2 protein chains.
Amino acid sequence: MSEIRKDPIVNRWVITLDDKTFVPIADSEFSKDVLPEQDDLCPFCPGNEGKTPFSISEVKDKSGKWKVRVIPNNNPYLKVETPMYRKGVGIFDMISGTGANEIFIETPLHNADMDTLAIEQISDVIKSYRSRFLDLKNDTRIEYILIFKNRGIRAGGHLSHLHSQLMALPVIPKNVAEEIDSAKQYYDFKKRCIYCDLVDNEIQMKDRVVKESEYFICITPYASTSPFEMWIVPKQHKSHFSAIDDKEAADLAYVLKDAVYRLNKALNRPAYNYMIHTTPLKMPNLDHYHWHIELLPRIKSIAGFEWGSGFYINPTIPEESAEYLRNI
Amino acid sequence: MSEIRKDPIVNRWVITLDDKTFVPIADSEFSKDVLPEQDDLCPFCPGNEGKTPFSISEVKDKSGKWKVRVIPNNNPYLKVETPMYRKGVGIFDMISGTGANEIFIETPLHNADMDTLAIEQISDVIKSYRSRFLDLKNDTRIEYILIFKNRGIRAGGHLSHLHSQLMALPVIPKNVAEEIDSAKQYYDFKKRCIYCDLVDNEIQMKDRVVKESEYFICITPYASTSPFEMWIVPKQHKSHFSAIDDKEAADLAYVLKDAVYRLNKALNRPAYNYMIHTTPLKMPNLDHYHWHIELLPRIKSIAGFEWGSGFYINPTIPEESAEYLRNI
């Protein structure tokens, strides 16, 4: 028996069913056990810094060695050096490839994964995200910064050394604009933030909660597009990720590590993506929009139906995913 | 040097660049040469009709054998038998899994592909699509019918015997609603259909045209999300696919076969999807919306950046894709 669930924020419909025949594609192709602690060929390993561009910033340990390193992508999709212009091309519109594309090397260890790092180390990564936001904000051509991780080949991540990326964009991406517009409509109607309502509802209902910490809640969303999808949402209203303080960063590191640990246990180290959705740089604090992280295991192929319609099929009931993850 | 192109219809941005290092994932895993003409284990092969549910409809040859067979999916995601209801679940909305999920077996031959079928055979498939639209329209609970093909495992198609699918939905999918809304805004501003303008522009510009026939044009869209993406668009304004006449169906069969032939030659039988985008069933003929087919080779993984933002990266310039495909 299937049901069709609506995501309350982006008006996306998901056919939700309990398909016992579903077999997850569960392999990031990066198994901790088979990777060495250092790999001479890896451009992200200590000692090979010469194979990558200069460091934009570094977090160092007491002995002066880097713990987290931020570098420009070797082959960036967008460059700050490209002069910004907009052009009409016949009936179409284009913008120059102005922006930035940076990489966060999250650990010196080649074989580390999120669930083996110290919380302090993950917290340093989160604080590196924050400082890149604060720096890039000074470039007035940038409208939006997207931080994301592609872990495993099926998730678009081709290097096994743990890293995440940043894209600084001269336009606001479609999905973010939609979320904000939709949250605004809800606010205009109810005078409440839809994410705040979501947090309250999930804490009260309990059945979709994977983890609750001091500042965050980790849930499987009601209209999850994929089995074991999780969202990590601040419990208090916060519209800009970059306003995260050190205490919150440490708590987020704890919840993020916990989520990846559960995912890795549940699905044997699947490929996954996470993305930080936040308010566009030039917007003030918004009463109607709330930053959050979406964590998506890539264990299901996206077929024509889903691609063509924006209508998803989830073979697992989100409440059962949450229960399974909670019990790990 | 990259540029950022905007899709004029759905306001989606695509970073377009000429990345010579891009290697397409090019294998549908179904090679014509290794498949037998008949497979005793295949539920879609003649002689095995007992392994599938009853036929909803059949196109027969002169000797009375079926050429095209339409059946319900064995494990349908949605069922006409499910009573239709809408329910609030806390702060969320759901609908019962009411609808239909049917399969078009496009040929009796186990090893056929779109580019080896006779045009008349493909035309019979298209006319079968049309008759299912006209029949399912009588069920007033159905709001939208999506016809799509998943060809190859990477495209979500797990059976090698050539087939396509139909999902009849009690709601209008998000992507379709967005296209229609956006086309309506354009129409309100210009009093012209954006797809008609697109057809005129592409015929005039020539550089993105792959094929032009009597009734259709096949193009690589200006803001293609993937290398070798193609759209097949009626040259005259037509809002409902189901209004296609027999002459147009034969011409569409010719253009569709041609497009898949070129794709198979260019990329060595890649996995691909196609989807028919059309006006929702209960809407009258719309001056602002124009049905079309989107054909998408699945040769590129979708990473977190794209998933999280609805912002795509295309490593190939669409004009170069069109030239390459034209020259095959």
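Residues numbered from 1 in each chain as written. Chains lettered and ligands numbered in written order. Predicted model: local features only at pLDDT ≥ 70, side-chain atom pairs only at ≥ 80, totals over all residues.

Asker: How should the overall build of chain A be read in this particular structure?
Answerer: In terms of helices and strands, chain A carries 6 helices and 15 strands. In terms of C-alpha radius of gyration, chain A reaches 20 Å, essentially the compact-globule figure of 20 Å for 328 residues. Across the 328 residues of chain A, 50% fall into the buried class. Across chain A, contacts joining residues at least 24 apart in sequence account for 71% of those joining residues at least 6 apart. (Helix = DSSP H or I, 4+ residues; strand = E, 2+ residues; numbered from the N terminus. Rg over C-alpha atoms; globule rule 2.2 N^0.38 Å. Buried ≥ 20, exposed ≤ 12 C-beta atoms within 10 Å, placed from the backbone. Contact = placed C-beta atoms within 7 Å.)

Asker: Sorry, what's going on with the environment of A:Lys265 here?
Answerer: Residues and elements named next belong to chain A. Along the chain, the position of Lys265 falls in helix H4 (residues 246-267). By C-beta crowding, Lys265 is classed as partly exposed, having 13 other C-beta atoms within 10 Å. In the structure, Lys265 is positioned 63 residues away from Ile328 in sequence and 7.4 Å away in space, judged by C-alpha atoms.

Asker: Please explain the interface of chain B and chain A as it appears in this structure.
Answerer: Accessible area lost on assembly of the parts is the figure often given for the size of an interface. Contacts between chain B and chain A engage 58 residues on the former and 58 residues on the latter. Its residues placed into classes, the side of chain B that touches chain A shows 31 nonpolar, 17 polar and 10 charged. Taken together, the 4 bridges between strand E1 (residues 3-6) of chain A and strand E6 (residues 92-96) of chain B define a ladder with antiparallel strand orientation. Among the inter-strand pairings, A:Lys6 is bridged to a residue of E6(B), identified as B:Asp93. (Nonpolar A, V, L, I, M, F, W, Y, C, P; charged D, E, K, R; others polar. Pairing = 2+ DSSP bridges.)

Asker: Sorry if this is basic, but what is going on with the relation of the copies chain B and chain A here?
Answerer: Each copy of the chain is related to the other by a rotation around an axis and a translation along that axis. By a simple turn and slide, chain B fits onto chain A: the slide is 0.0 Å along the axis, the RMSD is 0.0 Å, and the turn is 180°. Here the copies are linked by what is in effect a two-fold axis. (Least-squares fit on C-alpha atoms with pLDDT ≥ 70 in both.)

Asker: Looking at this structure, I do not really get helix H3 (residues 194-205) of chain B. What am I missing?
Answerer: An α-helical turn contains 3.6 residues, so a residue and the one three or four places further along point in the same direction. Residues and elements named next belong to chain B. With 12 residues, H3 should reach 16 Å at 1.5 Å per residue; the first-to-last C-alpha distance of 16 Å fits that figure. Buried within H3 we find Ile194, Tyr195, Leu198, Val199 and Glu202. One side of H3 carries all its buried residues, which in axial view fall inside an arc of 140°. Of the surrounding elements, those touching the buried residues of H3 are helix H2 (174-190), strand E10 (209-212), strand E11 (216-219), strand E12 (230-234) and strand E14 (292-297). Where H3 ends, the next residue or the one after it, Lys206, has phi of about 70°, a positive value. (Expected span 1.5 Å × (residues − 1). Arc of directions from axis to C-beta.)

Asker: What exactly am I supposed to notice about the pairing of E6(B) here?
Answerer: Residue and element names in this part refer to chain B. Pairing of strand E5 (residues 86-89) with E6 involves 4 bridges; the strand directions are antiparallel. By the bridge assignment, Val89 is partnered in E6 with Phe92. What sits between E5 and E6 in their antiparallel hairpin is a turn of 2 residues, with Gly90 showing a positive phi close to 60°.

Asker: Would you mind showing me how to read the sheet that holds strand E5 (residues 86-89) of chain A here?
Answerer: Pairing between the strands of a sheet is mediated by backbone hydrogen bonds and can be parallel or antiparallel. One open sheet accounts for 5 strands, arranged E5(A)-E6(A)-E1(B)-E2(B)-E15(B); its pairing is mixed. Each having just a single partner strand, E5 of chain A together with strand E15 (312-314) of chain B make up the two edges of the open sheet. On average, each strand axis in the sheet is inclined to that of its neighbour by 30°, with strand direction left out of account. (Axes fitted to C-alpha atoms, helices over the stretch in contact; angles between N-to-C directions.)

Asker: What is the right way to look at the confidence of the model for chain A in this model?
Answerer: Residues shown with low pLDDT carry predicted positions that ought not to be read at fine detail. With 95% of its residues at a pLDDT of at least 70, chain A reaches an overall mean of 91. Among the scores for the predicted complex, ipTM is 0.88 and pTM is 0.92. (pLDDT = per-residue confidence, 0-100.)

Asker: Honestly, helix H1 (residues 119-136) of chain A in this entry has me stumped. Any pointers?
Answerer: Residues and elements named next belong to chain A. With 18 residues, H1 extends 26 Å from end C-alpha to end C-alpha; this agrees with the ideal 26 Å at 1.5 Å per step. Residues of H1 that are buried include every one of Gln121, Ile122, Ser123, Asp124, Val125, Ile126, Ser128, Tyr129, Arg132 and Phe133, and no others. Against strand E3 (57-60), strand E4 (66-72), strand E7 (100-105), strand E8 (144-151), strand E9 (163-169) and H4 lie the buried residues of H1.

Asker: Honestly, the sheet that holds strand E13 (residues 272-277) of chain A in this entry has me stumped. Any pointers?
Answerer: Residue and element names in this part refer to chain A. Strand order in the open sheet made by the 10 strands is E3-E4-E7-E9-E8-E13-E14-E12-E11-E10, with antiparallel pairing throughout. The open sheet terminates on both sides in strands that have one partner only, identified here as E3 and strand E10 (209-212). Ignoring strand direction, the axes of neighbouring strands in this sheet form an average angle of 15°. Where E13 and strand E14 (residues 292-297) come together, 6 bridges link them in antiparallel fashion.

Asker: Even after reading the chapter, I still don't get the environment of B:Leu256, so can you show me in this structure?
Answerer: In this fold, B:Leu256 is placed in helix H4 (residues 246-267). Excluding residues that lie within four positions of it along the chain, B:Leu256 makes contacts with B:Met114, B:Ile122 and B:Ile232.

Asker: Would you mind going over the nonpolar core with me for this structure?
Answerer: In a soluble, globular protein the nonpolar side chains are often hidden away together inside. Counting residues in each nonpolar core, the largest one holds 81 residues, and the members touching the most others are A:Ile145, A:Cys218, A:Met230, A:Ile232, A:Leu256 and A:Ala259. Considering each element in turn, this core owes the most residues, 8 residues, to H4(A). (Core = buried A, V, L, I, M, F, W, Y, C linked by C-beta atoms within 7 Å.)

Asker: Help me understand the pairing of strand E7 (residues 100-105) of chain B, please; the structure alone is not making it clear to me.
Answerer: Residue and element names in this part refer to chain B. Burial analysis of E7 places 6 of its 6 residues in the buried class, the great majority of the element. Going residue by residue along E7, you find Ala100, Glu102 and Phe104 tucked away on one face and Asn101, Ile103 and Ile105 tucked away on the opposite face as well. As defined by bridge partners, strand E4 (residues 66-72) adjoins E7 across 4 bridges and the pair is classed as antiparallel. Pairing of Pro72 across the sheet is with Glu102, part of E7.

Asker: What should I look at first to understand the environment of B:Asp188 in this one?
Answerer: All names here are of chain B. Considering the arrangement of structural elements, one finds Asp188 in helix H2. The class of Asp188 is exposed, set by 9 C-beta atoms lying within 10 Å. Sequence separation between Asp188 and His288 is 100 residues; the distance between their C-alpha atoms is 8.7 Å.

Asker: Is there a simple way to explain the packing of H1(A) against H4(A) in this structure?
Answerer: Helix packing for two helices is described by the angle between their axes and how far apart those axes are. All names here are of chain A. Two elements in contact, H1 and H4, have axes whose closest approach is 8 Å; the angle formed by their N-to-C orientations is 115°. Handedness of the H1/H4 crossing: right-handed. Every residue of H4 that contacts H1 at Ile119, Ile122, Ser123, Ile126 and Lys127 is listed here: Ala249, Ala250, Leu252, Ala253, Tyr254, Leu256 and Lys257. Of the residues assigned to the contact of H1 with H4, the class counts are 9 nonpolar, 1 polar and 2 charged. (Left-handed = near helix turned anticlockwise from the far one by under 90°.)

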